[in-house]
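# Close look at the chain arrangement
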Number of protein chains: 2
Amino acid sequence: MTRLLVVGGSDAGISAALRARELDPSAEVTVVVADAYPNFSICGIPYYFTGEVQPWQSLAHRSAAELEASGMDLRLDTLATAIDVERRRLAVRDARGRSEELRYDELVVATGAMPADAGIAGAGAQGGGDEGLGPEDGLHVIHSMGDTFALERFLAERRPESAIIVGAGYVGLEMAEAFRARGLRVAQLQRGPEVLSTLDPELGALVHAELVAHGVEVVVNSTVTAIERTDGGLAVTAQGPGGISRRTAQLVLLVVGVRPSTALLRQAGAALGAGGAVAVDERMATGLPHVWAAGDGVVTHHRLLGTGYLPLGTTAHKQGRVAGENAVGGTARFAGSVGTQVVKVFDLVAARTGLRDAEARAAGFRPLTVASTADDHKRYYPGAQPIRFRLTAQLHDRRLLGAQLVGRRGSELAKRIDVFAAALHAGMSVAQLSELDLSYTPPLGSPWDAVQLAAQQWERAAADETSGAPD
Amino acid sequence: MTRLLVVGGSDAGISAALRARELDPSAEVTVVVADAYPNFSICGIPYYFTGEVQPWQSLAHRSAAELEASGMDLRLDTLATAIDVERRRLAVRDARGRSEELRYDELVVATGAMPADAGIAGAGAQGGGDEGLGPEDGLHVIHSMGDTFALERFLAERRPESAIIVGAGYVGLEMAEAFRARGLRVAQLQRGPEVLSTLDPELGALVHAELVAHGVEVVVNSTVTAIERTDGGLAVTAQGPGGISRRTAQLVLLVVGVRPSTALLRQAGAALGAGGAVAVDERMATGLPHVWAAGDGVVTHHRLLGTGYLPLGTTAHKQGRVAGENAVGGTARFAGSVGTQVVKVFDLVAARTGLRDAEARAAGFRPLTVASTADDHKRYYPGAQPIRFRLTAQLHDRRLLGAQLVGRRGSELAKRIDVFAAALHAGMSVAQLSELDLSYTPPLGSPWDAVQLAAQQWERAAADETSGAPD
């Protein structure tokens, strides 16, 4: 009988615990959870704020009772403070300050990540520092249920009319929609030249236009340097090409990415890797005996790039499942991410998988990226909508390297990017995309699906490139 | 300069002509088309009858002018009557009865298929026979634009109030929807125990219920044996478990499948293969020198089954593209079908790819089929709908063999079946499905996508099967 301890009650930790219990019903599994909200869907928080998800309890993938019914023991409001690798003991401290040592045979650490502060003056407290503004001042982050309650309370009690969102990544965009749904004026400040910088700017521009169409003021090339209290709320100072600007709002939401929470494993002697995350191998082993790790706190094996840092919920689930399997004697390996991501922004959907041109080039590939447009279904059938593609593949061997898509909600974009993701996983060429036997009925596709039409456009451009033909 | 002749103006023929012109702009390409409607989307005809697609001209994938602009010559209303393989001549006869011989360097034959009549007495004329009822009597098929005009004229002039649809495959189901949209009473007669017999009856039953919910009278286990004229219209005699039944309607639509049109090639000496279709290799070569063939008239290479007969528009496009490429000196090979199909029936979507249990067993696999249900996106986000799965994989090596899905329209089913199709193409195992890096955002998916949850359900059932455990 294995005594398995899991630190972390989010995606990776719970996945590990569930998988261990599934494979070894005799395993004694305890999950140490820092707050009272195990297995909550952090990705769902923006939809709590739009009002689409109510009450907040429904954000739980599974309730605490369901988790316990599956045979795991939950230690809520309990902080893991130290690992004694030699003696296989985990030191914990509960909400009342009582410390305790828990014995383990195997340990899975899934402490996740914390919001980054991008070095913005005044925002230090958000990143775990001691100084700086906080929720009471109107400066919010959105990374935990605690953050969620603080923001909801602020919205309910202070009734702010204006918000500045610092950052225009996935969560920033979703929260722009949420704040608009709540009737706030929203300004979205983005450091880079275009919103959603995980996509090429040509496609980010479509998302930008969607934000503007829904009343969001978008300011790009704007690097926020400081946030201060003013009479009416908070003042945000930003540096842009036109110099320094200052704008105020009653609420500022900081969504500028995350950094891995590594203190527990670092102090136990684990090595760090890409992005300052804990280094793990494909078995999710940390190198410390009997200590496994998974989720947003560890490096990600990427099938095209090797090891990097790419914290995503999907990856955390997969890594956690592998860690849980191996902790009870399994031999699982994390097969690797291809960086698949999708976001809904108002009525648009934007998705990517694999590498963009510059990323591919930096990784030693010789890519060609080709833009194209194809309808989501036969144009003669009502409601056809264009999908904008950017396909990246290697010129000399036609190996698919990545795809980016933007289109309307309802155009089955999320699953179209998945076709590319499956093709990437299998190492297919662009030509093989055209060979796939994809489904067709006029209301839902075309005899050559849009993803195949994009592949054929890439092939034509590649042929021209190779032959040096002008067209 | 290659002089390429193509016989057939539907999917395979036009694909061949386009591909040849794309690869060899110097090729002289002539397409011989039996009617005046080249490159029409036969799959779209039901949506012309629902009224969603108007006018009928918009059913053309490309207009004749667009086709000619791409550099091909069209010979409309022209029937190919004989091939002289030795002299590389094609005999044709135009609408005015004038015969001519056309010289070719390479010939692509894509004569397609014709409606089957299932041996029903009185229906002989539909299958190309001389005897039997026809459109003027109220007996219709729906396989060409000519059929379409005849049916539309019948609906407009006779204003029938009732229809019997013989057959409940893809087109039959789509036409049930169309007739309901036109206000007709519809009875749908199906020979087998459940509608949509290309899916397992457990899933076909969901489609059956959807038909009934939209006012279609569905009669299964009903083998139509004869159709006769009566005073008010047509009488359909059927044999069922309860004996012989007879029902009448003003309109009868016969949609009981197709059989390959092979006369031209057969008379030229080509060999026939599965399903009585013309035998071709993976290059789409017929074995006759300089004669290629593609589309619904030829056999289909299936990646799991070897050679069979599975006439589908998607396959015709791919085969035509291969034939066109090879006709101008290429070395393309048809990579093979996996039998992917999808149909929308009112608000349901049903899809399949690969093999069902009995098909797999007959082909020498040792399959296990597992039913499961998973939501199309996170349940907490509004509008989540269940998707019903049946997954078939091989027990000893976990190789994926097939998937069947039924769910609501809007659940991205068409592209979810495509993820399975890509996995099948790549020869993945069920476990590898769980390893795919699929996209996730709460409005459009789950951290483990529904297709992965179905795969994990299969794995659990397989583990139980292997261990002999009771649950």
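Because the structure is a prediction, the values reported are computed rather than measured. Within every chain, residues take consecutive numbers counted from 1 along the sequence as written. Whichever chain is written first is A, and whichever ligand is written first is 1; the rest continue in order. Under the rules for a predicted model, residues below a pLDDT of 70 receive no local features and side-chain atom pairs below 80 are neither given nor counted, while totals for whole chains, interfaces and linings still include all residues. Only heavy atoms go into the side-chain values, all of them from the structure, while hydrogens and water stay out.

## Regarding the interface of chain A and chain B
Each side of the interface is counted separately: chain A has 62 residues, and chain B has 62 residues. Buried area between chain A and chain B, summed over both chains or domains, comes out near 5700 Å², and the portion from carbon and sulfur atoms is 60%. Here the quantity called buried area is the total loss of accessible area, with a 1.4 Å probe, experienced by two parts when brought into contact, counted for both. A per-residue breakdown of the area chain A buries against chain B is headed by A:Tyr380, A:Lys415 and A:Asp437, which together make up 14% of the total. The rule for a salt bridge is simple: a side-chain nitrogen of Lys or Arg has to be within 4 Å of a carboxyl oxygen of Asp or Glu. At the boundary of chain A and chain B, one finds four salt bridges. Between B:Asp449 and A:Lys415 there is a salt bridge, and its shortest N-O distance comes to 2.7 Å. Polar contact criterion, stated in full: a pair of N or O atoms within 3.5 Å, where within protein one must be able to donate a hydrogen and the other to accept it, and residues adjacent in sequence count only if both atoms are side-chain atoms. Where chain A packs against chain B, one counts 31 residue pairs in polar contact (both at pLDDT 80 or more). Every helix listed is a DSSP run of H or I at least four residues long, and every strand listed is a run of E at least two residues long, numbered separately from the N terminus. If you list the elements that add at least two residues to the side of chain A that touches chain B, you get α8 (313-327), β21 (341-345), α10 (413-425), α11 (430-435) and α12 (450-467) of chain A. With ten residues, α10(A) is the single largest residue contributor to the side of chain A that touches chain B. Under the grouping applied here, Gly and all other residues not named as nonpolar or charged are polar, the nonpolar ones being Ala, Val, Leu, Ile, Met, Phe, Trp, Tyr, Cys and Pro and the charged ones Asp, Glu, Lys and Arg. Class assignment for the residues of the side of chain A that touches chain B results in 27 nonpolar, 17 polar and 18 charged. Between two residues, a contact is recorded if the distance between any of their heavy atoms is within 4.5 Å.

## Description of the environment of B:Ala426
Topologically, B:Ala426 is positioned in the loop between α10 (413-425) and α11 (430-435). Under the relative-accessibility criterion, B:Ala426 is labelled partly exposed at 33%. Distance in space between the C-alpha atoms of B:Ala426 and B:Glu459 is 19 Å, their sequence separation being 33 residues. Sequence-distant contacts of B:Ala426, that is, excluding residues within four places in its chain, are made with A:Ala426 and A:Met428. Under the scheme applied here, a residue whose accessible area is under 20% of the maximum for its type counts as buried, over 50% as exposed, and between as partly exposed, the area being computed with a 1.4 Å probe on protein chains only.

## Some thoughts on the relation of the copies chain A and chain B
For the least-squares superposition of copies, only C-alpha atoms count, and only for residues with pLDDT at least 70 in both. Mapping chain A onto chain B calls for a rotation angle of 180° and an axial translation of 0.0 Å; the resulting RMSD is 0.0 Å. Put plainly, the chains are arranged around a two-fold axis. In this assembly the copies share their binding face: 100% of the residues contributing to the interface of chain A also contribute to that of chain B.

## Digging into the sheet that holds strand β9 (residues 139-140) of chain A
Residue and element names in this part refer to chain A. With parallel pairing, five strands are arranged side by side in an open sheet as β9-β16-β10-β11-β12. Unpaired on one side and paired on the other, β9 and β12 (216-219) mark the two borders of the sheet. Helix axes are fitted only over the stretch in contact, all axes being lines through C-alpha atoms; the angle between N-to-C directions runs from 0 to 180 degrees. Those strands touched by helix α4 (residues 145-158) are β9 and β16 (251-254), and its axis lies near 160° from that of β16. Lying over the sheet, helix α5 (residues 170-181) contacts β10 (162-166), β11 (185-189), β12 and β16, oriented at roughly 165° with respect to β11. When DSSP finds at least two bridges between two strands, those strands are taken to pair.

## Concerning the environment of A:Ala277
Residues and elements named next belong to chain A. Here Ala277 is to be found in the loop between α7 (263-267) and β18 (291-293). Given a relative accessible area of 0%, Ala277 falls into the buried group. Residues Ala277 and Arg259 lie 18 residues apart in sequence; the distance between their C-alpha atoms is 7.9 Å. The residues contacting Ala277, other than those within four sequence positions of it, are Pro260, Thr262, Ala271, Leu272, Gly297, Val298, Val299 and Tyr309.

## Things to note about the environment of A:Glu52
Along the chain, the position of A:Glu52 falls in the loop between α2 (45-49) and α3 (64-69). Sequence spacing of A:Glu52 and A:Val207 is 155 residues, and the spatial spacing of their C-alpha atoms is 21 Å. The contacts of A:Glu52, once residues within four sequence positions are left out, are A:Tyr47, B:Tyr380, B:Tyr381 and B:Pro382. Within polar-contact distance, the side chain of A:Glu52 engages the side chain of B:Tyr381 at 2.9 Å.

## Concerning helix α6 (residues 201-213) of chain B
Expected span, for any helix, means 1.5 Å times one less than how many residues it has. In this model α6(B) runs 18 Å from its N-terminal to its C-terminal C-alpha over 13 residues, within 8% of the 18 Å that 1.5 Å per residue would give. Two residues or fewer after α6(B) comes B:Gly215, characterised by a positive phi angle close to 85°.

## Looking at unusual backbone geometry
Geometrically, the link from A:Gln54 to A:Pro55 is a cis peptide bond, its omega value of -5° lying close to zero. Within the secondary structure layout, A:Pro55 lies in the loop between α2 and α3. Residue B:Arg398 is not a glycine yet carries a positive backbone phi of 65°.

## Overview of α10(B)
Residue and element names in this part refer to chain B. In this model, α10 (13 residues) spans 18 Å end to end at C-alpha, consistent with the 18 Å of a helix rising 1.5 Å per residue. Of all 13 residues making up α10, 13 are buried, and the element is well covered by its neighbours. The positive-phi residue at the C-terminal boundary of α10 is Gly427, with phi of around 70°.

## What to know about the packing of helix α1 (residues 11-23) of chain B against helix α8 (residues 313-327) of chain B
Each pair of packed helices can be summarised by the angle the axes make with each other and by the distance between the axes. All names here are of chain B. Here α1 crosses α8 at 35°, and the two axes come no closer than 7 Å. Like other packed secondary-structure pairs, α1 and α8 cross with a definite hand, here right-handed. Of the residues in α8, those touching α1 at Asp11, Ala12, Ser15, Ala16, Arg19, Ala20 and Leu23 are Gly313, Ala316, His317, Gly320, Arg321, Gly324 and Glu325. Residues that form the contact of α1 with α8 fall into these classes: five nonpolar, five polar and four charged. Helix crossings are classified by the rotation of the near helix relative to the far one: an anticlockwise turn of less than a right angle makes the crossing left-handed, while a clockwise turn makes it right-handed.

## A few points about the nonpolar core
For our purposes a nonpolar core is just a set of buried Ala, Val, Leu, Ile, Met, Phe, Trp, Tyr and Cys residues, chained together by side-chain atoms within 4.5 Å. Counting residues in each nonpolar core, the largest one holds 82 residues, and the members touching the most others are A:Phe389, A:Phe420, A:Trp458, B:Phe389, B:Leu391, B:Phe420 and B:Trp458. Apart from the residues lying within four places of it in its own chain, the contact partners of A:Phe389 are A:Val370, A:Ala371, A:Ser372, A:Ala374, A:Gln404, A:Leu405, A:Phe420, A:Ala450, A:Val451 and A:Ala454.

## A closer look at the domain arrangement of chain A
Residues and elements named next belong to chain A. Residue ranges for the domains originate in an automatic or database domain assignment. Structurally, chain A comprises domain 1 (3-112 + 259-327), domain 2 (117-256) and domain 3 (341-465). Each of domain 2 and domain 3 has a C-alpha centre, and these two points are 32 Å apart. Opposite the 20 residues of domain 2 that make contact, domain 3 presents 19 residues. Linking domain 2 with domain 3 are five salt bridges, by the criterion used here. If you look at where domain 2 meets domain 3, you find twelve residue pairs in polar contact (both at pLDDT 80 or more). Broken down by secondary-structure element, the contributors of at least two residues to the side of domain 2 that touches domain 3 are α5 and α6 (201-213). A total of seven residues in the side of domain 2 that touches domain 3 trace back to one element, the largest contributor, which is α6.

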